[in-house]
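Structural features, examined
What follows is each chain in one-letter form.
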Amino acid sequence: SRTSVCYLGVDTNRFQPVAADADYAYSVFSIPRNRRIVMFSGHMEPRKGVHLLIDAVVRLIENSSHANLHLLLVGNSADDEARLSARIP
């Protein structure tokens, strides 16, 4: 009763990758095709909670419930990598 859902607001039936681009991220970032990609793109300032996303994906992988996940973080400064990579085992 204290939880609310905030929908994305994007019609995912209408806006999907075209078949020709479906493997784009896999190819460009050399991600194995058997992985499911979770992606964040943007400024990685602490208030955005990227550290929480990293922690969540790590827990999912470690618990083997989703061992096929691949986290793709695309940011805007080199400092982001140094600050956040320490969270990844």
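Look up: the structure comes first, before these words.
So, a few notes on the structure that sits alongside this text. Treat the numbers as computed from the prediction; the structure is a model and nothing was measured. (Residues numbered from 1 in each chain as written. Predicted model: local features only at pLDDT ≥ 70, side-chain atom pairs only at ≥ 80, totals over all residues. Heavy atoms only, no water.)

With that settled, the discussion passes to the overall build of the chain. Each helix and strand in the chain was counted, giving 3 helices and 2 strands. When the helices and strands of the chain are listed from N to C terminus, the series reads α-β-α-β-α. In terms of principal-axis extent, the alpha carbons of the chain reach across some 40 × 35 × 30 Å. Relative to its full complement of 89 residues, the chain shows a buried share of 15%. Once local pairs closer than 6 in sequence are excluded, the contacts in the chain between residues at least 24 apart make up 62%. In the structure as shown, the chain presents an accessible area of about 7300 Å², 52% of it carried by carbon and sulfur atoms. Seen as two clouds, the 10 positive and the 9 negative side-chain charges of the chain have centres 7 Å apart. (Helix = DSSP H or I, 4+ residues; strand = E, 2+ residues; numbered from the N terminus. Buried < 20%, exposed > 50% of the residue type's maximum accessible area, 1.4 Å probe, protein only. Contact = heavy atoms within 4.5 Å. Areas by Shrake-Rupley, 256 points an atom, 1.4 Å probe, with all protein chains shown as cover. Lys, Arg positive; Asp, Glu negative; His and termini not counted. Charge placed at Lys NZ, Arg CZ, Asp CG, Glu CD.)

An α-helical turn contains 3.6 residues, so a residue and the one three or four places further along point in the same direction. Its 13 residues give helix 2 (residues 50-62) an end-to-end C-alpha distance of 18 Å, which sits within 8% of 18 Å, the value for a rise of 1.5 Å per residue. Every buried residue of helix 2 is listed here: Val-50, Ile-54, Val-57 and Val-58. One side of helix 2 holds all its buried residues, which, seen down the axis, span an arc of 100 degrees. In this structure, helix 2 carries Leu-52 and Arg-59 as exposed residues pointing more than 90 degrees from its buried face. Phi turns positive, to about 60 degrees, at Ser-64, one or two residues after helix 2. (Expected span 1.5 Å × (residues − 1). Arc of directions from axis to C-beta.)

Moving on, we come to the nonpolar core. Within the largest apolar cluster, 6 residues are counted, these being Phe-40, Met-44, Val-50, Ile-54, Val-58 and Leu-84. Element by element, the count of residues in this core is highest for helix 2, at 3 residues. In contact with Leu-84, not counting residues within four places along its chain, are Met-44, Val-50, His-51 and Ile-54. (Core = buried A, V, L, I, M, F, W, Y, C linked by side-chain atoms within 4.5 Å.)

Positionally, Pro-89 belongs in the segment after helix 3 (78-85). Looking at Pro-89, the relative accessible area reads 77%, which means it is exposed. Considered as a pair, Pro-89 and Val-5 are 84 residues apart in the sequence and their alpha carbons are 31 Å apart. Excluding residues within four positions of it along the chain, Pro-89 makes contact with Val-58 and Glu-62.

Before going further, it helps to spend a moment on the environment of Leu-72. You can see Leu-72 is positioned in strand 2 (residues 69-74). Spatially, the C-alpha atoms of Leu-72 and Ser-41 are 8.3 Å apart, while their sequence positions differ by 31 residues. Look past the residues within four positions of Leu-72 in its chain and what remains in contact with it is Phe-29, Ile-37, Val-38, Met-39 and Phe-40.

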